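Results of the structural survey
One-letter residues, chain by chain:
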Amino acid sequence: GESVGLHLPTLSVQEGDNSIINCAYSNSASDYFIWYKQESGKGPQFIIDIRSNMDKRQGQRVTVLLNKTVKHLSLQIAATQPGDSAVYFCAEPSETGNQFYFGTGTSLTVIP
Amino acid sequence: DTEVTQTPKHLVMGMTNKKSLKCEQHMGHRAMYWYKQKAKKPPELMFVYSYEKLSINESVPSRFSPECPNSSLLNLHLHALQPEDSALYLCASSLQGPYGYTFGSGTRLTVV
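In this text, all values refer to a predicted model and were calculated from it rather than measured experimentally. (Residues numbered from 1 in each chain as written. Chains lettered and ligands numbered in written order. Predicted model: local features only at pLDDT ≥ 70, side-chain atom pairs only at ≥ 80, totals over all residues. Heavy atoms only, no water.)

**Comments concerning the overall build of chain B**
Our working rule: What counts as a helix is a DSSP run of H or I of at least four residues, what counts as a strand is a run of E of at least two, and both are numbered from the N terminus. As a reference, a globule follows 2.2 Å times the number of residues to the power 0.38, and the radius of gyration itself is taken over C-alpha atoms. Working definition: with a 1.4 Å probe on protein chains only, accessible area under 20% of the residue-type maximum means buried, over 50% means exposed, and in between means partly exposed. Contacts are assigned to residue pairs that have any heavy atoms within 4.5 Å of one another. Note on areas: Shrake-Rupley with a 1.4 Å probe; residue coverage comes only from the protein chains shown. By the counting rule applied here, Lys and Arg register as positive and Asp and Glu as negative, while His and the ends of each chain are not counted. Throughout, a charge is located at the NZ atom of Lys, the CZ atom of Arg, the CG atom of Asp or the CD atom of Glu.
In terms of regular secondary structure, chain B is built from zero helices and eleven strands. When the helices and strands of chain B are listed from N to C terminus, the series reads β-β-β-β-β-β-β-β-β-β-β. In summary, chain B has a C-alpha radius of gyration of 13 Å against a globular reference of 13 Å for 112 residues, a match within 12%. The C-alpha extent of chain B, read off along each of the three principal axes, is 35 × 25 × 20 Å. Taken across its 112 residues, chain B has 46% of its residues classed as buried. For chain B, long-range pairs separated by at least 24 residues make up 53% of all intrachain contacts whose partners lie at least 6 apart in sequence. Element-wise, carbon and sulfur atoms account for 50% of the exposed surface of chain B, whose accessible area totals about 5500 Å². Measuring between centres, the 12 positive side-chain charges of chain B sit 6 Å from its 9 negative side-chain charges.

Below, the structure is given as structure tokens:
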């Protein structure tokens, strides 16, 4: 299978600061990536996606950056809030597109 | 309706019991998935149904038996499970391949 990994397993940030969560992927042919947020006891929730023909995509308080040269993507959360505390996964589809490979996850804790 | 609904939310079963997990979506998605997630780990794919036919079985033990009665409904029948099968079982659906991938909130299964 493909390898999608995250650099940091845990991240603690002060409320109001910006958060950056990183992810490395191994399949240079991947053309689509998704970031998911998973709160305790809940299923993964779609945050934002990006296609490989883009370097950057912005949502509400979130930005995903894609660097295809080094096969790296990141999720930036602006003005982090306590409700942002969760595990964040990057994911890429398999070559057949019928399943997702998830990274190991980063646990974000927001300190009030 | 933009949700994937899973029932029950919690289930405790003995190793000799037979139980079923249910997943329902009314988004017109034709692909449905079962994932297993252990604590602090990413989801792992178990089964994929495409147009109501099983297309992927990730070498899952036969004590897990999936069923797709129609395009909106996905079941997972459980029999003679082991304590190590305790996990969060997630259902997901998608319109086509990885696009519009939506997860349910999961069933927290405990095998005693």
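**Focus on the interface of chain B and chain A**
For the record, the criterion: Buried area: the accessible surface (1.4 Å probe) lost by two parts on joining, summed over both. In the sections that follow, a salt bridge refers to a side-chain nitrogen of Lys or Arg positioned within 4 Å of a carboxyl oxygen of Asp or Glu.
In this assembly, 20 residues from chain B lie in contact with 18 residues from chain A. Around 1400 Å² of area is buried between chain B and chain A when both sides are counted, 59% of it from carbon and sulfur atoms. Three residues, Pro98, Tyr99 and Phe103 of chain B, lead the burial of chain B against chain A; their summed loss comes to 32% of the area buried on that side. Taken together, chain B and chain A are joined by zero salt bridges. Ranked by the residues each element gives to the side of chain B that touches chain A, the list is headed by strand β4 (residues 31-37) of chain B, at three residues.

**A short note on the state of the cysteines**
How we decide: Two cysteine sulfurs form a disulfide in these notes if their separation is within 2.5 Å.
Taken as a whole and assessed by the stated rule, the structure comprises two disulfides over all chains. Between the sulfur atoms of Cys23 of chain A and its disulfide partner Cys90 of chain A the distance amounts to 1.8 Å. Residues Cys23 of chain A and Cys90 of chain A are joined through a disulfide that is right-handed, its torsion about the S-S bond being 50°. Of this pair, Cys23 of chain A sits in strand β3 (residues 19-25) while Cys90 of chain A sits in strand β9 (residues 86-93), and the two are 67 residues apart along the sequence. With a relative accessible area of 0%, Cys23 of chain A lands in the buried category. A relative accessible area of 1% means that Cys90 of chain A is categorised as buried. One disulfide in the model links Cys23 of chain B with Cys91 of chain B; its S-S distance is 1.9 Å. Judged by the torsion about the S-S bond (-70°), the Cys23 of chain B/Cys91 of chain B disulfide is left-handed.

**Some details on the nonpolar core**
Residues and elements named next belong to chain B. So the rule is basically this: To form a nonpolar core, buried Ala, Val, Leu, Ile, Met, Phe, Trp, Tyr and Cys residues must be joined to one another through side-chain atoms within 4.5 Å.
In terms of nonpolar packing, the biggest core is built from 22 residues, with Trp34, Phe64, Leu76 and Leu78 touching the most fellow members. Going through the elements one at a time, β2 (10-13), β3 (18-25), β4, β5 (44-50), β7 (64-70), β8 (73-79), β9 (87-94) and β11 (107-111) are the ones with two or more residues in this core. If we skip the residues at most four places from it in the chain, Leu76 touches Lys19, Ser20, Leu21, Trp34, Met46, Phe47, Phe64, Ser65, Pro66 and Tyr89.

**As for the packing of aromatic side chains**
What counts is decided by this rule: Aromatic contacts are taken between Phe, Tyr and Trp rings whose centres are within 6.5 Å, Trp giving its six-membered ring; a plane angle under 30 degrees counts as stacked, one over 60 as edge-to-face, and the others as tilted.
The tally for this structure, following the rule as stated, stands at 14 aromatic pairs over all chains. Here a set of aromatic residues connected by ring pairs shows up, and it is made of Tyr36, Phe89, Phe100 and Phe102 of chain A together with Tyr33, Tyr35, Tyr101 and Phe103 of chain B.

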